[in-house]
Amino acid sequence: MSRISPLNWPVVRQLRGGDLFARGENTESRRTKEMEGRTIDADRVVKSVCPYCAVGCGQNVYVKDGKVIQIEGDPDSPHSRGRLCPKGAASEQLVNAPNRLTEVLYRAPKATEWQTLDRETALEMIADRFMEARKNGWQDTDEHGNPVRRTMGIAGLGGAAMDNEENYLIKKLWTASGAVQIENQARI
C-alpha cells in the first residue's frame, strides 16, 4: 500500500481498527510512539509537599545525579490526588532557578554590603537575639499582679506548607518560650 493511500489516513485506520473514539495506536504518529517521559531516567523519586499554600499538595520530586529534574503531583496524596495548581506545577523552577540564594547572607546594621555567613554562625546570632528579645520583653505579672509568665518581645509566624505534626511542635516551642503572639500564614 502506498504512503499516500486513502487507506492510510488516520480516520480510515481508526474505523478499520475498531477504534471509534480515536484512543488507540492508529491515531498515534511515529514521533508520539517514540517519545519517552522526562522522568524515565530519574535515579530516585522523593515524596514532598508543595511549599506555596495551606493545602499542602503532595509532590513527587524526580532526582537525577543529585539534581531535581522534574516535580509532579503525587497521585498517592489523599487530598490533591496527583493534581497541582500552576504555582505548584512550576515549583521545579523555584528549585533550579539560576539566581536562587544557596548561602546565608547578612547585612550588619548601617552596612551597605551583604556578607556571607556560615550556618553555624547565623544560627548562633539568631539564638542570641531570640534570647535577648525574650529577656527584655518578659513579664512575670500583669498590671493587677496576676501571674502571666510571658514575653511580648517575640512572636511566631508559622508556614502553611508544614504538616500538623510540625505545626504542633512549633506551637509547643513558642508557647514554652513564653510567646503569646502566634500566627500562621494560612490564616492571614
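Residues numbered from 1 in each chain as written. Predicted model: local features only at pLDDT ≥ 70, side-chain atom pairs only at ≥ 80, totals over all residues. Heavy atoms only, no water.

Enquirer: Describe in detail the overall build of the protein chain, supporting the description with residues and values.
Expert: Helix and strand counts for the protein chain stand at 6 helices and 8 strands. What you see in the protein chain, going N to C, is helices and strands ordered as α-α-β-β-β-α-α-β-β-α-β-β-α-β. Compactness check: the protein chain gives a C-alpha radius of gyration of 28 Å against a globular reference of 16 Å for 188 residues, more than 25% above the reference. Considered along the principal axes of its C-alpha atoms, the protein chain spans approximately 95 × 40 × 25 Å. Considering the protein chain as a whole, with its 188 residues, one finds that 20% of them fall into the buried category. The contacts of the protein chain with a sequence gap of at least 6 include a subset with a gap of at least 24, amounting to 33%. Surface accessibility of the protein chain: about 14,600 Å² in total, with carbon and sulfur atoms responsible for 53%. The averaged location of the 26 negative side-chain charges in the protein chain is 6 Å from the averaged location of its 27 positive side-chain charges. (Helix = DSSP H or I, 4+ residues; strand = E, 2+ residues; numbered from the N terminus. Rg over C-alpha atoms; globule rule 2.2 N^0.38 Å. Buried < 20%, exposed > 50% of the residue type's maximum accessible area, 1.4 Å probe, protein only. Contact = heavy atoms within 4.5 Å. Areas by Shrake-Rupley, 256 points an atom, 1.4 Å probe, with all protein chains shown as cover. Lys, Arg positive; Asp, Glu negative; His and termini not counted. Charge placed at Lys NZ, Arg CZ, Asp CG, Glu CD.)

Enquirer: Describe the pattern of salt bridges, and please don't skip the residues or the numbers.
Expert: Taken as a whole and judged by the stated rule, the model has 3 salt bridges. For the salt bridge of D76 with K47, the shortest nitrogen-to-oxygen distance reads 3.4 Å. Here D76, found in the loop between β3 (67-73) and α3 (86-89), pairs with K47, found in strand β1 (residues 44-49); they are 29 residues apart in sequence, far enough to count as distant. Note on D76: relative accessible area 62%, which makes it exposed. (Salt bridge = Lys/Arg side-chain N within 4 Å of Asp/Glu carboxyl O.)

Enquirer: Help me get a handle on the sheet that holds strand β2 (residues 58-64), residues and values and all.
Expert: Strands sit in the order β1-β2-β3 across an open sheet of 3 strands; the sheet is antiparallel. The open sheet has two edge strands, β1 and β3, and neither has a second partner. The sheet shows a mean angle of 30 degrees between the axes of neighbouring strands, direction not considered. As judged from the 6 bridges shared by β1 and β2, these two strands associate in the antiparallel manner. (Pairing = 2+ DSSP bridges. Axes fitted to C-alpha atoms, helices over the stretch in contact; angles between N-to-C directions.)

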